[in-house]
Amino acid sequence: LISILVLTIINIFFVQCRYSLSKINNNDLQEIENKSNLALSRCKKIKAKEKEFLSVCQFSIIVCIMSIGLILYKICQFILIEYKITNYTLEDIVFILILLGASVLEAIIGFYIPRGLSIKNPKKILLRNSIFLTIIYAFIRPFSVIIDFISYKICRIFREFFRETILIFYKKIHLSKIVFQ
């Protein structure tokens, strides 16, 4: 349970970073330039590489959520073994209830609340989180580059497939209009 709490806190951090980075613009950074501190210069560097940092945040959010799911699965297995639940229907009901409850809590605590806070005050959150985000970026970016590359290739395949399918469909519609005229 402690690991779920830790992963939720990490998830909150990345959700806040993702939405504050999306919300803040260069004018917002100019407004706080009077303070000229290290956090502001880090924020400008982060904003300059916005797509890369957003990719790292999204990748980290996915890893946290998948890890929480794996831990919840292990907790469900433990509960089923501990209470000697052998009825498959009851086993499924317990598993679904635990997953559903945890998913709702994770959505509220790990997503909606931090997203709302970061949208309301993106400057403060990005300034506060900039050092940790920069450090984590250095470690996670190589993995997110690989995931970005794979997802780009997969999306390209689907784009080409759907483009050809739509063209074929359009030609059939066009030919049918000619035939009926």
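As a reminder, the structure under discussion sits directly above these lines.
Okay, so let's go over this structure. (Residues numbered from 1 in each chain as written. Predicted model: local features only at pLDDT ≥ 70, side-chain atom pairs only at ≥ 80, totals over all residues. Heavy atoms only, no water.)

Quick word on the side chain of Ser-20
Then, number 1: Mapping Ser-20 onto the fold places it in helix H1 (residues 2–23).
Then, number 2: Residue Ser-20 is classed as buried on the basis of its relative accessible area, which comes to 0%.
Then, number 3: Reaching out from Ser-20, the side chain makes a polar contact with the backbone oxygen of Gln-16 at a distance of 2.8 Å. (Helix = DSSP H or I, 4+ residues; strand = E, 2+ residues; numbered from the N terminus. Buried < 20%, exposed > 50% of the residue type's maximum accessible area, 1.4 Å probe, protein only. Polar contact = N/O pair within 3.5 Å; in protein donor to acceptor, adjacent residues only side chain to side chain.)

Regarding the pattern of salt bridges
Then, number 1: Taken as a whole and judged by the stated rule, the model has two salt bridges.
Then, number 2: The shortest N-O distance in the salt bridge between Glu-50 and Lys-47 comes to 3.0 Å.
Then, number 3: Of the residues examined, Glu-50 reaches a relative accessible area of 23% and is grouped as partly exposed.
Then, number 4: Using a relative accessible area of 12% as the deciding quantity, one classes Lys-47 as buried.
Then, number 5: One salt bridge in this structure joins Asp-148 and Arg-141, with 3.4 Å as the shortest N-O distance. (Salt bridge = Lys/Arg side-chain N within 4 Å of Asp/Glu carboxyl O.)

Quick notes on the nonpolar core
Then, number 1: Membership of the largest hydrophobic core comes to 20 residues, with the highest contact counts inside it found for Phe-14, Phe-53 and Leu-133.
Then, number 2: Contributions of two or more residues to this core are made by H1, helix H3 (38–48), helix H4 (50–82) and helix H6 (122–180).
Then, number 3: Per-element accounting of this core gives the leading share, six residues, to H1.
Then, number 4: If sequence neighbours within four positions are ignored, Phe-14 has contacts with Cys-57, Ser-60, Ile-61, Leu-133, Ile-136 and Ile-140.
Then, number 5: Listed in part, the five residues of the second largest apolar core include Leu-7, Cys-64, Ile-68 and Leu-72. (Core = buried A, V, L, I, M, F, W, Y, C linked by side-chain atoms within 4.5 Å. Contact = heavy atoms within 4.5 Å.)

So, the packing of H1 against H4
Then, number 1: Running from amino to carboxyl end, H1 crosses H4 at an angle of 155°, the nearest separation of the two axes being 9 Å. Overall, the two elements H1 and H4 adopt an arrangement that is roughly antiparallel. The chirality of how H1 crosses H4 is left-handed. (Axes fitted to C-alpha atoms, helices over the stretch in contact; angles between N-to-C directions. Parallel < 35°, antiparallel > 145°, perpendicular 65-115°, else oblique. Left-handed = near helix turned anticlockwise from the far one by under 90°.)

Description of the layout of surface pockets
Then, number 1: Reported here for the largest pocket is a volume of approximately 220 Å³.
Then, number 2: Lining the largest pocket are 17 residues, with Asn-11, Ile-65, Glu-106, Ala-107 and Phe-111 positioned closest to its centre.
Then, number 3: Looking at the lining of the largest pocket, the elements that each hand over two or more residues are H1, H4 and helix H5 (88–120).
Then, number 4: No other element matches the seven residues that H5 contributes to the lining of the largest pocket.
Then, number 5: One number sums up the size of the second largest pocket: a volume of about 180 Å³.
Then, number 6: Along the walls of the second largest pocket sit Ile-4, Leu-5, Thr-8, Ile-68, Leu-72, Ala-102, Leu-105, Glu-106 and Ile-109, which together make up its complete lining.
Then, number 7: Those elements giving two or more residues to the lining of the second largest pocket turn out to be H1, H4 and H5.
Then, number 8: Its residues assigned to classes, the lining of the second largest pocket shows seven nonpolar, one polar and one charged. (1 Å grid on protein atoms, 1.4 Å probe; cavity = no way out; pocket = protein on both sides within 12 Å on 5 of 7 lines; lining within 4 Å. Points joined across faces, edges and corners; volume = space filled by probe spheres on them. Nonpolar A, V, L, I, M, F, W, Y, C, P; charged D, E, K, R; others polar.)

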